[in-house]
Amino acid sequence: MEHHSEISHNRYNVLIEFAHIHLEFQRPELESVLSLHDIAIGRDCIEVPLPSSIPTVENYRPFLILSFDYHYAKEKFNLDDDGYVIQSDMSRFSKIDRTKPTIASVLSRCTLIRSAIELWGAGPSFDSCVEHARQLSSGCAGRITLENCMKLSSSWKITIHTLGTKFNREEQNDMRMKFAFFNLPGKVQMVNPTNEFLLIREVELDPKGTPLSQERDNFLSPPLAVYYGRVLGGIRDWRGNGRLDQFSLKKRSYLGPTSMDAELSLIMTNLGLVRNGSFCFDPFVGTGSILLTCGLRGGYCVGTDIDIRVLRGRSDEENVLSNFKQFRLNRPDLIRSDNALYHRHYRMNKPIYDVIVTDPPYGIRAGARKSGTKEEKIRAIPEDRRHDHIAQTKVYPVSDVMGDLLDVSARTLVMGGRLVYIIPSMRDFDVEKDLPNHECLEIAHVCYQPLQTELGRRVVVMKKVKEYDPSLRESYLSSVWINGPESAEKCANIRERLLEAAKLKPGYEEKAAYRKKRRQITREEKKKQRAKHV
Amino acid sequence: MRLLTHNYLQSNVKGTEKGYPLTIEPTKIEYEESPIDMEFVENILTKIDYSALLSARNQIEDRCHSDLGSDFIVPSLPEVMPKRYSDGNSKDDKIEEDETNQEAFLKSIHTILFDIHVLEGHLVCPDTGRRFNIKMGIPNMILHEDEI
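Residues numbered from 1 in each chain as written. Chains lettered and ligands numbered in written order. Predicted model: local features only at pLDDT ≥ 70, side-chain atom pairs only at ≥ 80, totals over all residues. Heavy atoms only, no water.

1. Describing the sheet that holds strand β2 (residues 46-48) of chain A
All names here are of chain A. Filter applied, for reference: Pairing between strands is defined by DSSP: at least two bridges between the two strands are required. Only DSSP runs of H or I covering at least 4 residues are called helices, and only runs of E covering at least 2 are called strands; the numbering of each starts at the N terminus. A fitted line through C-alpha atoms serves as each axis, taken over the contacting stretch for helices, and the angle formed by two N-to-C directions is quoted from 0 to 180°.
One open sheet holds the seven strands; their spatial order is β2-β3-β1-β4-β9-β6-β5, and the pairing between them is mixed. This sheet does not close on itself; its edge strands, each paired only once, are β2 and β5 (156-162). Put simply, the sheet's adjacent strands are angled 35° from each other on average, direction ignored. Two elements, β2 and strand β3 (residues 63-69), share three bridges in a ladder whose sense is antiparallel. The residue bridging Val48 from the neighbouring strand is Ile65, located in β3.

2. Quick look at the sheet that holds strand β1 (residues 23-31) of chain B
All names here are of chain B. This is how it is decided: Contact definition: two residues touch when any of their heavy atoms are within 4.5 Å.
If you trace the four strands from one edge of the open sheet to the other, you get β1-β2-β3-β4, paired in antiparallel fashion. The sheet is open, and its two borders are formed by β1 and β4 (138-139), each paired with just one other strand. Examined bridge by bridge, β1 and strand β2 (residues 116-124) share eight bridges and lie antiparallel to one another. Looking at β2, one finds that Ile24 is bridged to Leu123. Packing of helix α3 (residues 50-68) onto the sheet brings it into contact with β1 and β2, and relative to β1 it is tilted by some 40°.

3. Observations concerning unusual backbone geometry
Excluding glycine, a negative phi dihedral is what most residues carry, and trans is how most peptide bonds are arranged. Under the convention used in this document: Partly exposed residues are those whose accessible area sits between 20% and 50% of the maximum for their type, while under 20% is buried and over 50% is exposed, using a 1.4 Å probe and protein chains only.
A cis geometry characterises the amide bond from Tyr20(B) onward to Pro21(B), with omega recorded as -10°. Residue position: Pro21(B) is located in the loop between α1 (3-6) and β1. Its identity is not glycine, yet Leu273(A) carries a phi of approximately 65°, on the positive side. For Leu273(A), a relative accessible area of 14% translates into the label buried.

4. A word on a positive patch on the surface
All names here are of chain A. Selection criterion: Without a salt bridge and with relative accessible area above 30%, a residue can belong to a patch; like charges are then joined within 9 Å and nonpolar side chains (Val, Leu, Ile, Met, Phe, Trp, Tyr) within 5 Å. Per-residue and other accessible areas were derived by the Shrake-Rupley procedure at a 1.4 Å probe size, with only the shown protein chains allowed to occlude residues. We define a salt bridge as a side-chain nitrogen of Lys or Arg found within 4 Å of a carboxyl oxygen belonging to Asp or Glu. We score Asp and Glu as negative and Lys and Arg as positive, and we do not count His or the chain ends. Every charge is mapped to an atom, namely NZ of Lys, CZ of Arg, CG of Asp or CD of Glu.
Among the surface-exposed residues, Lys511, Arg515, Lys516, Arg519, Arg523, Lys526, Lys527 and Arg530 lie close enough to one another that they form a single positively charged patch. With respect to the helices and strands, Lys516 occurs in helix α17 (residues 508-533). Accessibility expressed as a relative area gives 57% for Lys516, which makes it exposed.

And the structure:
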């Protein structure tokens, strides 16, 4: 009898299914969200290895099993009431419930989780899953779990989730019947039952998340694993039905070329542990897309930028503030200032920020500037011109952008506070040596998001672990780059480097000539159109 | 610009000795009520410069009267912050503060720090008189080339 004995029915087990994107972000986001409730994997719960019909699975599996000691789970969570339904997208941002939240309310804060089920059975095959489920009531946790579903008034249904394989209705019903031994007294109800059970037939996925072909010589390959359990949160797919669309860029009144995609900023604010009452700061606020997400999570938001045009937006209806207004949030405080001079603009006696979250300017879509002029001799501004004078700015090298960002963070974050930033990376990037450092900050996570074959970006999360000593500022700044400022160059000027790299590829010249020709044709077309309308 | 933000701004022109706190000269003020988070307010109190807050409050009072109507009263603040907040050791405080007084104090602080917005005006350096303007609620702290 195949019996996955590691998933004990004496414990409370939860199977998490992730969406198949942002793979490197999934665990860090989950760990961060759990820590908002003071839950640590390894200390308060354990991760159980997934059952598997193949000894080594090379591809990513978007599942994770968390196992809780039953008494801990009963103390910590409200296990009885899972009427918590993710009714609106705003539920993702609800206040942290410190008193007995449901597991769904804890986990649904994770952008990347598709669903979570109370695990009743699991195994490397269909039969072993059924067998394991049969043992449910033999464990102290399982027994109570089952009892909770035995009410006559609780309607239910079983949904079958098979990846990549279609089964006809008869086959599906056969699968359902295998679990009939539970003898649930309530009636089967297809629409909005009290309890929805999920039977998952996991198969191996390719790197893009597409199921590998399941048929070989007309035989259906066996599944990788099979799971059965009760859906938590009342909804099978937490990400479905356009639940994230509400915050998508398409809906916002003010966008710019640097606006962060909504999903990534949702993840970043989780990695930063933004919650109600968090004091959040974005030193390169731009159009405010990341700050907006902080606001949605209940944070008090402050943003600075050197560029007044971006801060003021295009009009009264299209600016950073209008985005906040659109979502009925308190307005953020914005300041036009230069992060390179932060230590001079702001009195810094006590650290104030809980989270600093930002997408620093790298010269890809918006070049970085700082105060000052590249001219040798600085001319004094005549008194009568001073009021309207638009100060010059000069190029702000990436190595300094990052050095200043880390130094400001080290100084202004509270102990344990987090800095979350994005850094573009080409493939030749050594996480150990090419990331900026600061004595007062420790790296908590680095997550890579591939964008093209050559280019991706990394989200880096740092924690403040040591108090800042202002007298050591110069020393801190000089040790930011282990390999010297050349490391910073790896992030800088990526557009130019991409072009260089592209030029080296075969067929580049033909493609360039082709594109040029097309542009010419388009220009001529437009000319003709205009001539017509005159 | 909220008074909380003002509490942190200073003038940084080259050669400035004491560019803090900046004097507020408001020409347009707005009031926007927001929900109070008591814990957040208590937390913030340990980080602000109270005397700077007091003077800021006094500086905006007249403009509040003209812009927000005679019904609006800017809450008054005690000369000295209640001890339990200034030390940051609110737990082991032997002075028995009246609960209602405490709550009233926190509410006043909340209104003054968060709900009053200076939309237009100037921030003036107490040392050099250098003026930083505020437009659309955004203070402009950018220095000219010869001030860096």
